Amino acid sequence: MDTGTGQPRALIVVDVQPTFCEGGALPVEGGNDVAQDVADFVRYRQDEYALVVTTQDWHIDPGPHFATPPEEPDFVDTWPPHGIAGTVEAALHPALDGIEFDASVKKGEFQAAYSGFEGADAAGKPLEEILAAAGVSAVDIVGLAESHCVKDTAIDATQLGLDTRVLRDLTAPVSEELGVAAREAMREAGVTFLDSADVDL
């Protein structure tokens with residue numbers, strides 16, 4: 001779908017999984033609300049995007065990404081076990097049930113992976129190739145958590161030359177302090193921000 005500037009735009013739904021919502025292993029405050037709001041936005045606007053892609057943490061054995069012992073993470077480089085492949089927590093959030101996505105990317109099977117661009121679909125095709133195959137040159141990014149995987153996905157997108165926007169009302173950080181730092185890093189990388197109500201495709 002044309003963005004109004006001749007650029008086909010994709011929507012990337014980052015890690016909207018129970019593991020990052022209230023009740024999960026690494027909960028983000030407001031995560032369940034973000035999941036519902038993302039689902040509502042996708043249902044309403046999906047057909048306007050050239051492509052809608054999900055990413056998921058999908059950890060099998062990510063090595064030192066998981067704390068050892070698991071109850072002693074530093075929450076910087078090491079984390080409690082989360083997003084474990086094949087579990088309910090690693091599945092897409094139930095709010096997204098019934099939505100047919102164009103592609104699904106999983107990341108972090110055997111190593112830490114924050115950016116969706118570190119993942120691939122079931123056929124092994126990386127996110128960058130999926131977007132390129134659809135002729136996408138611009139992306140909108142939503143999901144969890146703003147301070148980590150949303151940030152890294154957005155920065156990687158800009159570094160690949162994609163016009164990148166984060167829909168600020170459809171994400172949430174781990175903490176407000178980390179959110180402020182993440183937004184500054186994204187701005188410095190060239191990411192822009194807008195509310196979902198202001199999206200013009």
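One structure accompanies this document, and this report is about it.

**Some remarks on the packing of aromatic side chains**
Now for step 1: Enumeration over the complete set of coordinates arrives at two aromatic pairs.
Now for step 2: Between phenylalanine 41 and tyrosine 49 the ring centres are 6.3 Å apart and the planes differ by 65 degrees, which places this aromatic pair in the edge-to-face class. Each of the two residues, phenylalanine 41 as well as tyrosine 49, counts as buried.
Now for step 3: Considering the side-chain rings of phenylalanine 75 and tryptophan 79, the 5.9 Å spacing of their centres and the 85 degrees angle between planes classify their relative orientation as edge-to-face.
Now for step 4: For tryptophan 79, a relative accessible area of 7% corresponds to the buried category.

**Quick notes on the nonpolar core**
Now for step 1: Formed by 53 residues in total, the largest nonpolar core has its most connected members in Leu131 and Val139.
Now for step 2: Ranked by residue count, the leading element in this core is helix 1 (residues 31-45), at six residues.
Now for step 3: Once residues lying within four places of it in the same chain are set aside, the contact partners of valine 139 are Arg9, Ala10, Ile12, Leu131, Ala157, Leu162, Asp163, Thr164 and Arg165.

**Section: the pattern of salt bridges**
Now for step 1: Evaluated as defined, the whole model comprises 10 salt bridges.
Now for step 2: Ionic pairing is found between glutamate 48 and arginine 45, a salt bridge with its closest N-O pair at 2.7 Å.
Now for step 3: Taking the relative accessible area as the measure of exposure, glutamate 48 reaches 25% and is therefore partly exposed.
Now for step 4: Of the charged contacts in the structure, one is a salt bridge between arginine 183 and glutamate 176, with a shortest N-O distance of 2.6 Å.
Now for step 5: Residue class for arginine 183 comes out buried when judged on its relative accessible area of 17%.
Now for step 6: Among the charged side chains, a salt-bridge network with shared partners connects Arg9, Asp140, Asp163 and Arg165.

**Observations regarding helix 4 (residues 176-189)**
Now for step 1: The terminal C-alpha atoms of helix 4, which comprises 14 residues, lie 20 Å apart, in line with the 20 Å expected from a rise of 1.5 Å per residue.
Now for step 2: Inspection of helix 4 places Gly179, Ala182, Arg183 and Met186 among the buried residues, and these make up the whole buried set. Seen from one end, helix 4 has its buried residues packed into an arc of 100 degrees, which puts them on one side. Facing away from the buried side of helix 4 by over 90 degrees, the exposed positions are Glu177 and Glu188.
Now for step 3: At its buried positions, helix 4 is contacted by helix 3 (146-159), strand 5 (163-172) and strand 6 (192-194).
Now for step 4: Remark: glycine 190 follows helix 4 within two positions and exhibits a positive phi of approximately 105 degrees.

**Looking at the pairing of strand 2 (residues 51-57)**
Regular strands show a simple pattern: their side chains alternate between the two faces of the sheet.
Now for step 1: Of all seven residues in strand 2, seven are buried; the element is thus mostly enclosed.
Now for step 2: Alternating residues of strand 2 divide into Leu51, Val53, Thr55 and Asp57 and Val52, Thr54 and Gln56, and every residue in both groups is buried.
Now for step 3: Handedness of the β-α-β unit built from strand 1 (residues 9-14), helix 1 and strand 2 comes out right-handed.
Now for step 4: Bridge analysis of strand 2 against strand 3 (residues 103-107) gives five bridges, and the strand direction is parallel. Paired with glutamine 56 across the strands is lysine 106, a residue of strand 3.

Cut-off values and rules
Residues numbered from 1 in each chain as written. Predicted model: local features only at pLDDT ≥ 70, side-chain atom pairs only at ≥ 80, totals over all residues. Heavy atoms only, no water. Phe/Tyr/Trp six-rings, centres within 6.5 Å; stacked < 30°, edge-to-face > 60°. Buried < 20%, exposed > 50% of the residue type's maximum accessible area, 1.4 Å probe, protein only. Core = buried A, V, L, I, M, F, W, Y, C linked by side-chain atoms within 4.5 Å. Helix = DSSP H or I, 4+ residues; strand = E, 2+ residues; numbered from the N terminus. Contact = heavy atoms within 4.5 Å. Salt bridge = Lys/Arg side-chain N within 4 Å of Asp/Glu carboxyl O. Expected span 1.5 Å × (residues − 1). Arc of directions from axis to C-beta. Right-handed = clockwise from strand over helix to strand, strands pointing away. Pairing = 2+ DSSP bridges.

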